[in-house]
Amino acid sequence: MDHASRPVMLQDGPEDISAAADLLRAGKLVAVPTETVYGLAARADRDESVAAIYRAKGRPSFNPLIVHVPDLASAQALARFDERALQLAAAFWPGALTMVLPLRDGAAIAPAVTAGLPTLALRCPAHPVMRAVIAQAGLPLAAPSANRSGGVSPTDAAHVVASLGGNVDAVIDGGACEAGLESTIVALREDGRWQVLRPGPITEARIAAVLGTPSEPVTSHEIEAPGQLASHYAPGKPVRLDAAQAEPDEFHIGFGAVTGDATLSATGDLAEAAARLYSLLHAGAAAPHPRIAVAPIPDSDIGTAINDRLRRAAA
Ligand code: AMP
Ligand code: MG
């Protein structure tokens, strides 16, 4: 594989999905649409295929991967679910919630997936294409976002090809992702505490409502998810936040009453803004302007997750 060549482009119909499943079983890398962002999938039980993910992304090996499963039973074969985990699975799976849980002894997961942690990050996705690929492959799939490490996440197939080129064997084109932001990651600690490691489409308030207890803040020595690192999602040029007005050399991303060169949502709809965020950061990166400015985004609901990504893109 080399960056200059191009991946095989697949459609989201049954024939191409079974071709993708065959490639995955053979240990190849396939980019697959999900309801959050495009994932770079590989079988999670083989060292070589997991190593290929880290190589293709240029991802540091201390950054563990999320494993995608078809259902709760498959998840329970890999990690230990307590009562809280079962409640969250019942409330939010399939969907955009990743749970970090104690890894089961002897689980068929390549050690590189967890980067040596005693925990495993698990998600049961809702997107019909991702679900069909997992079902046909018949294997848990490790799948980080399908972009070079540290860059802006892909929300359509063209973003994947632009970022990974021939470093991915095939890409299933399933159109634009609905949520447009990576899954919420929640860690359920064995001592009863829980924490959101990465805000996302499922808000902390919704998780707290199911669990009936508030989260404990993450202390700095507990940082274990690179989505928590200060700089991430970087578009490759300076980003200025809370910009109601832009300078002439800035590509201005608008929201609501702030029009901009392009808008996250003209009506001020936060879900629409989340779905368009990475696409507009890609557009800003490709624009001739040397800098990017972003309109103020309210810090409520999924706006919390949008602002989390924007702060890291600007860092
Ligand atoms: P992505 O590469 O965008 O899919 O991000 C995956 C995220 O999940 C990263 O921030 C990882 O650090 C995080 N993650 C995966 N496994 C674990 C784990 N066992 N404990 C904590 N965070 C994890
Ligand atoms: Mg990522």
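Refer to the preceding data block for the structure.
Described below are features of the structure shown in this document.

Conventions we followed
- Residues numbered from 1 in each chain as written.
- Chains lettered and ligands numbered in written order.
- Predicted model: local features only at pLDDT ≥ 70, side-chain atom pairs only at ≥ 80, totals over all residues.
- Heavy atoms only, no water.
- Helix = DSSP H or I, 4+ residues; strand = E, 2+ residues; numbered from the N terminus.
- Rg over C-alpha atoms; globule rule 2.2 N^0.38 Å.
- Buried < 20%, exposed > 50% of the residue type's maximum accessible area, 1.4 Å probe, protein only.
- Contact = heavy atoms within 4.5 Å.
- Areas by Shrake-Rupley, 256 points an atom, 1.4 Å probe, with all protein chains shown as cover.
- Pairing = 2+ DSSP bridges.
- Core = buried A, V, L, I, M, F, W, Y, C linked by side-chain atoms within 4.5 Å.
- Axes fitted to C-alpha atoms, helices over the stretch in contact; angles between N-to-C directions.
- Salt bridge = Lys/Arg side-chain N within 4 Å of Asp/Glu carboxyl O.
- Polar contact = N/O pair within 3.5 Å; in protein donor to acceptor, adjacent residues only side chain to side chain.

1. Some words on the overall build of the protein
Then comes step 1: Of regular secondary structure, the protein possesses ten helices and 14 strands.
Then comes step 2: Taking 2.2 N^0.38 as the reference for a compact globule, 315 residues should give roughly 20 Å; the C-alpha atoms of the protein span a radius of gyration of 19 Å, in line with that estimate.
Then comes step 3: Dimensions of the protein, computed from C-alpha atoms along their principal axes, come out at roughly 60 × 50 × 35 Å.
Then comes step 4: Taking all 315 residues of the protein together, the buried fraction comes to 53%.
Then comes step 5: Sequence-distant contacts in the protein: of pairs separated by 6 or more residues, those separated by 24 or more amount to 67%.
Then comes step 6: Total accessible area on the protein is roughly 12,600 Å²; 54% of this is exposed by carbon and sulfur atoms.

2. Description of the pairing of strand β3 (residues 39-43)
Then comes step 1: Of all the five residues making up β3, five are buried; the element is thus mostly covered by neighbouring parts of the structure.
Then comes step 2: Going residue by residue along β3, you find Gly39, Ala41 and Arg43 tucked away on one face and Leu40 and Ala42 tucked away on the opposite face as well.
Then comes step 3: In this structure, the hairpin formed by strand β2 (residues 30-32) and β3 is closed by a connection of six residues.

3. What about the nonpolar core?
Then comes step 1: Within the largest apolar cluster, 49 residues are counted, with the highest numbers of intra-cluster contacts made by Phe81, Met99, Val113, Leu122 and Ile207.
Then comes step 2: For this core, the element with the most residues is helix α2 (residues 47-57), which contributes five residues.
Then comes step 3: In contact with Val113, not counting residues within four places along its chain, are Ala44, Val50, Tyr54, Pro64, Leu65, Val67, Leu120 and Ala142.
Then comes step 4: With 27 residues, the next largest nonpolar core counts Phe251, Ala273, Leu277 and Ile302 among its residues.

4. Quick word on unusual backbone geometry
Then comes step 1: With an omega of -10°, the peptide bond between Trp93 and Pro94 qualifies as cis.
Then comes step 2: Looking at the element boundaries, Pro94 is found in the loop between α4 (83-92) and β5 (97-102).
Then comes step 3: Non-glycine residue Asp242 carries a positive phi angle of around 55°.
Then comes step 4: Tracing the backbone shows Asp242 in the loop between β11 (239-240) and β12 (250-254).
Then comes step 5: Here Asp242 falls in the exposed class, since its relative accessible area comes to 59%.
Then comes step 6: Within the chain, Asp301 stands out as a residue other than glycine whose phi angle is a positive 55°.

5. Examining helix α7 (residues 157-164)
Then comes step 1: For α7, the buried fraction is high: six of the eight residues fall into the buried class.
Then comes step 2: Those residues of α7 lying buried are Ala157, His159, Val160, Val161, Ser163 and Leu164.
Then comes step 3: Buried positions along α7 lie against β1 (8-10), β2, β3, α2, β8 (170-172) and α9 (270-286).

6. Considering the sheet that holds strand β13 (residues 262-263)
Then comes step 1: Read across the sheet, four strands follow the order β11-β14-β12-β13 without closing on themselves; strand pairing throughout is parallel. For this open sheet the edge positions go to β11 and β13, each flanked by a neighbour on one side alone.
Then comes step 2: Bridge count for β12 against β13 is two bridges, and the pairing is parallel. Bridge pairing in β13 links Ile253 to Ala262.
Then comes step 3: The strands that α9 touches are β12, β13 and β14 (291-294); relative to β12, the one it contacts most, it runs at about 165°.

7. Notes on the pattern of salt bridges
Then comes step 1: According to the stated counting rule, one finds twelve salt bridges in the structure shown.
Then comes step 2: In this structure, Arg25 and Asp22 form a salt bridge, with 2.6 Å as the shortest nitrogen-oxygen distance. Within this pair, Arg25 and its partner Asp22 are both found in helix α1 (residues 14-25), separated by three residues, close to a single helical turn.
Then comes step 3: For Arg240, the salt bridge identified is with Glu250, shortest N-O distance 2.8 Å. Here Glu250 lies in strand β12 and Arg240 lies in strand β11, a separation of ten residues in the sequence.
Then comes step 4: For Arg240, a relative accessible area of 31% translates into the label partly exposed.

8. Some remarks on the sheet that holds β1
Then comes step 1: Spatial ordering of the open sheet is given by β1-β8-β2-β3-β7-β4-β6-β5-β9-β10, a layout of ten strands whose pairing is mixed. Each edge of the open sheet carries a strand with a single partner, namely β1 and β10 (194-198).
Then comes step 2: Across four bridges, β5 lies against strand β9 (residues 184-188) in parallel orientation. Within β9, the position partnered with Leu97 by the bridge is Thr184.
Then comes step 3: Packing of α4 onto the sheet brings it into contact with β5, β9 and β10, and relative to β5 it is tilted by some 160°.
Then comes step 4: With respect to the sheet, α7 is in contact with β1, β2, β3 and β8, its orientation differing from that of β8 by roughly 160°.

9. Concerning the side chain of Asn147
Then comes step 1: Here Asn147 shows up in the loop between β7 (141-142) and α7.
Then comes step 2: The buried category is assigned to Asn147, whose relative accessible area is 3%.
Then comes step 3: Among the polar contacts made by the side chain of Asn147, one reaches the side chain of Ser145 at a distance of 2.6 Å.
Then comes step 4: Other than its neighbours up to four places away in sequence, Asn147 contacts Lys57, Val152, Ser153, Pro154, Ser163 and Leu164.

10. Some details on the pairing of β10
Then comes step 1: Along β10, five of the five residues are buried, which leaves the element largely enclosed by surrounding structure.
Then comes step 2: Two elements, β9 and β10, share four bridges in a ladder whose sense is antiparallel. Bridge pairing in β10 places Ile185 opposite Arg198.

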